[in-house]
2 protein chains.
Amino acid sequence: LLQGGKSLRGFLKPDETLEDLQRDGLFLIQKKSGFRFGVDAVLLADFARVKEGAKLIDLGTGTGILPVLLSAKTKAKEILGIEIQPDMVDMAKRSVALNKISGRVTIQEGDIKNKTAFPKASYDVVTTNPPYIKLGSGMRTSSEGKDISRHEVLCTLEDVVGLSARILSPGGQFFMVHKPERLVDIVCIMREYKIEPKLLRWVHPKPTEKPNILLIKGCKNGGTELKTMPPLYVFNEDGRYTDEVNRIYGRVNAP
Amino acid sequence: LLQGGKSLRGFLKPDETLEDLQRDGLFLIQKKSGFRFGVDAVLLADFARVKEGAKLIDLGTGTGILPVLLSAKTKAKEILGIEIQPDMVDMAKRSVALNKISGRVTIQEGDIKNKTAFPKASYDVVTTNPPYIKLGSGMRTSSEGKDISRHEVLCTLEDVVGLSARILSPGGQFFMVHKPERLVDIVCIMREYKIEPKLLRWVHPKPTEKPNILLIKGCKNGGTELKTMPPLYVFNEDGRYTDEVNRIYGRVNAP
């Protein structure tokens, strides 16, 4: 039995583990080894602003971390997570069942490159934490699942932005976490597909260090007006988590 | 008589003033009212990396602040400042004479839009602190000179980047200071003209505040690889200048 009396029977396989998300009693099923969600996904869930009643789609949802977190953080009406890797889809579906959020959250196996499988102009919000690394650069890891989640093996940045442009309603919002090294690719591709970049937030390990995570919001058919938020620092110079990161991780009762 | 025994006779008009640049005894002639150089230009002069013997051109040089500072900070062989406003050209020329740097620094009246007047592939470095504000946005100021220096009245971002692409040698470097709000325009236009963005530095008033100045370096025909430097903070949280800004302004003896 878990906290809250949830039974693990039928939910967890021997090579899997449960991560306590520290929010509303939510848990996430992950492989003990293999791709595990990181700080990036948690920061994206905090960065995304989702209106009550919105229809939201998460592209490349992996183990479903974004749909599960956003079910608690937002009043979205429908949250759909799309993932191409069947074992990840299976874990994400079991996490949804375990957390008893299947009324609002659905996980589907799907290929982002297969654009016509997705209905046009039918979502208010896209979230995505896509593979960061261009094929041909970066070190490939040994596990295939890690590789697909980290490298653009099965979909490129352009696939993700192109599909988002198709499925977002006019004025719909796009929230992505990515690497600062890809900034030029990101904003040029977004503009090309008429998802105008509207808001940036840089995440730095410490105030004196360069950013290592980029959060970006775009608006379908939006006008050109980019704002930049104050930076998010993960650690203070003394090595302790900042108050803001503690709030995002639910470690303190934030306002 | 100035410090160092320079005579002001013939250099300064009644409505002009001399700014002590706190470096190598350099001074700059400016109008008492009208467009005056700001922190942006000083930060750009610090950001630009110029190899010994380089041929450098500063586009929209204004009163010549960049050529004058870079004459002291670099071992560039030739520094040419281009400016369209005759009264600014006149002040910049007198500043060059006053500082006795006319052996390496030349100021010319010229129009950046008149591209064919500039020789192809003949400069190693472009620096530019162009007008920031798109026509039709922002408040217009009353003085015409201020207006031309701040708004894209006489040249646009695309004019500046387009000319830079023409006059830079392959591998030549482009250093610009601009506003964070224009980031998307900047990187998309640079990539379009094959001046690939290679390095970003964000300048924040304080560590907890959003950036208000953007420093960007591009490389003519460069490969796609963007790096971001640690941020530059102008003030500490306690309101005092940071050590780095004091170093840039020559207020301390920096390494």
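Data block above holds the structure.
First things first, this report covers the structure right here in the doc. Since the structure is predicted, the reported quantities are computational estimates derived from the model, not experimental observations. (Residues numbered from 1 in each chain as written. Chains lettered and ligands numbered in written order. Predicted model: local features only at pLDDT ≥ 70, side-chain atom pairs only at ≥ 80, totals over all residues. Heavy atoms only, no water.)

**Notes on the overall build of chain A**
Put simply, the test is: Secondary structure follows DSSP: runs of H or I at least 4 residues long count as helices, runs of E at least 2 residues long count as strands, and numbering of each begins at the N terminus. Within these notes, the globule rule equals 2.2 Å times the number of residues to the 0.38 power, and the radius of gyration is based on C-alpha atoms. Two residues form a contact once any of their heavy atoms are found within 4.5 Å. The method behind every accessible area is Shrake-Rupley, applied with a 1.4 Å probe, and residues are considered shielded solely by the protein chains displayed. A positive count includes Lys and Arg, and a negative count includes Asp and Glu. His and the chain ends are not counted in either. The location of each charge is read from NZ of Lys, CZ of Arg, CG of Asp or CD of Glu.
Regarding its fold elements, chain A presents seven helices and eleven strands. Over its C-alpha atoms chain A spans a radius of gyration of 18 Å, differing by no more than 12% from the 18 Å that the globule rule assigns to 255 residues. Considering only C-alpha atoms, chain A reaches an extent of 50 × 50 × 40 Å along its principal axes. Counted over contacts in chain A with a minimum sequence separation of 6, partners at least 24 positions apart contribute 68%. Element-wise, carbon and sulfur atoms account for 51% of the exposed surface of chain A, whose accessible area totals about 11500 Å². Of the side chains in chain A, 39 bear a positive and 31 a negative charge, and the two mean positions are spaced by 3 Å.

**Side note on the packing of helix H5 (residues 157–167) of chain A against helix H6 (residues 183–192) of chain A**
All names here are of chain A. This is how the line gets drawn: To get an axis, fit a line to the C-alpha atoms, keeping to the stretch in contact for a helix; angles then go from 0 to 180 degrees between the N-to-C directions. By definition, turning the near helix anticlockwise from the far helix through less than a right angle yields a left-handed crossing, and turning it clockwise yields a right-handed one. Residue type decides the class: Asp, Glu, Lys and Arg count as charged, Ala, Val, Leu, Ile, Met, Phe, Trp, Tyr, Cys and Pro as nonpolar, and the leftover types, Gly among them, as polar.
Packing of H5 against H6 leaves a shortest axis separation of 9 Å and a crossing angle of 35°. Note on packing geometry: the crossing formed by H5 with H6 is right-handed. Of the residues in H6, those in contact with Leu-157, Glu-158 and Val-161 of H5 are Asp-185, Ile-186, Ile-189, Met-190 and Glu-192. In the contact of H5 with H6, the residues fall into five nonpolar, no polar and three charged.

**Thoughts on the relation of the copies chain A and chain B**
Comparison of the two chain copies shows a relationship of rotation about an axis with a shift along it. Condition: In this comparison the copies share one frame, found by least squares on the C-alpha atoms of residues holding pLDDT of at least 70 in both.
Rotating chain A by 180° and translating it 0.0 Å along the rotation axis places it on chain B, where the RMSD comes to 0.0 Å. On this basis, the relationship between the two copies can be described by a two-fold rotation axis. In terms of proximity to the rotation axis, the leading residue of chain A is Cys188(A), whose C-alpha is 2.7 Å off the axis. When the interface residues of chain A are mapped onto chain B, 100% of them are again interface residues, pointing to one common binding face.

**Regarding the side chain of Thr63(B)**
Relative to the helices and strands, Thr63(B) resides in the loop between strand E3 (55–59) and helix H2 (65–73). Not counting chain neighbours up to four residues away, the residues in contact with Thr63(B) comprise Leu28(B), Ile29(B), Gln30(B), Met88(B), Met91(B), Ala92(B) and Ser95(B).

**Quick word on H6(A)**
Residues and elements named next belong to chain A. Where we set the bar: Exposure classes here rest on a 1.4 Å probe applied to the protein chains alone. A residue is buried below 20% of its type maximum, exposed above 50%, and partly exposed in between.
Summarising burial for H6: eight of the ten residues are buried, a large majority. For H6, the complete set of buried residues consists of Leu-183, Val-184, Asp-185, Ile-186, Val-187, Cys-188, Ile-189 and Met-190. One or two residues past the end of H6 sits Lys-194, with phi positive at roughly 60°.

**With respect to the interface of chain A and chain B**
Here is the rule we go by: For any pair of parts, buried area is found by adding up, for both, the accessible area (1.4 Å probe) each one loses once the two are put together. Think of a salt bridge as a Lys or Arg side-chain nitrogen and an Asp or Glu carboxyl oxygen that are within 4 Å of each other.
At the interface, 26 residues of chain A touch 26 residues of chain B. Of the roughly 2000 Å² buried where chain A meets chain B, counting both sides, 65% is carbon and sulfur surface. In terms of surface lost to chain B, no three residues of chain A exceed Val184(A), Leu226(A) and Thr228(A), which account for 25% of the buried area on that side. One can count two salt bridges joining chain A with chain B. A salt bridge links Asp185(A) to Arg191(B); its shortest N-O distance comes to 2.7 Å. Top contributing element to the side of chain A that touches chain B by residue count: H6(A), with six residues.

**Considerations on the side chain of Asp159(B)**
All names here are of chain B. So the rule is basically this: Pairing of N or O atoms within 3.5 Å defines a polar contact, subject to two protein rules: one partner must be a possible hydrogen donor and the other a possible acceptor, and residues neighboring in sequence count only if both atoms are side-chain atoms.
As for its placement among the helices and strands, Asp-159 is situated in helix H5 (residues 157–167). There is no salt bridge for the buried Asp-159, and the closest opposite charge comes from Lys-113, which lies 5.4 Å off by N-O distance. Only 2.8 Å separates the side chain of Asp-159 from the backbone nitrogen of Thr-156, close enough to count as a polar contact. With sequence-adjacent residues up to four places away left out, Asp-159 is seen in contact with Ile-112, Lys-113 and Lys-115.

**A word on the pattern of salt bridges**
All names here are of chain A. For the structure shown, the criterion picks out 24 salt bridges over all chains. The closest approach of N and O atoms between Arg-247 and Glu-244, which form a salt bridge, is 3.5 Å. Remark: Glu-244 and Arg-247 occur in helix H7 (residues 243–248); sequence separation between them is three residues, near one turn of the helix. Among the ionic contacts, a cluster of salt bridges with common partners joins Lys-13, Glu-16, Asp-90 and Arg-94.

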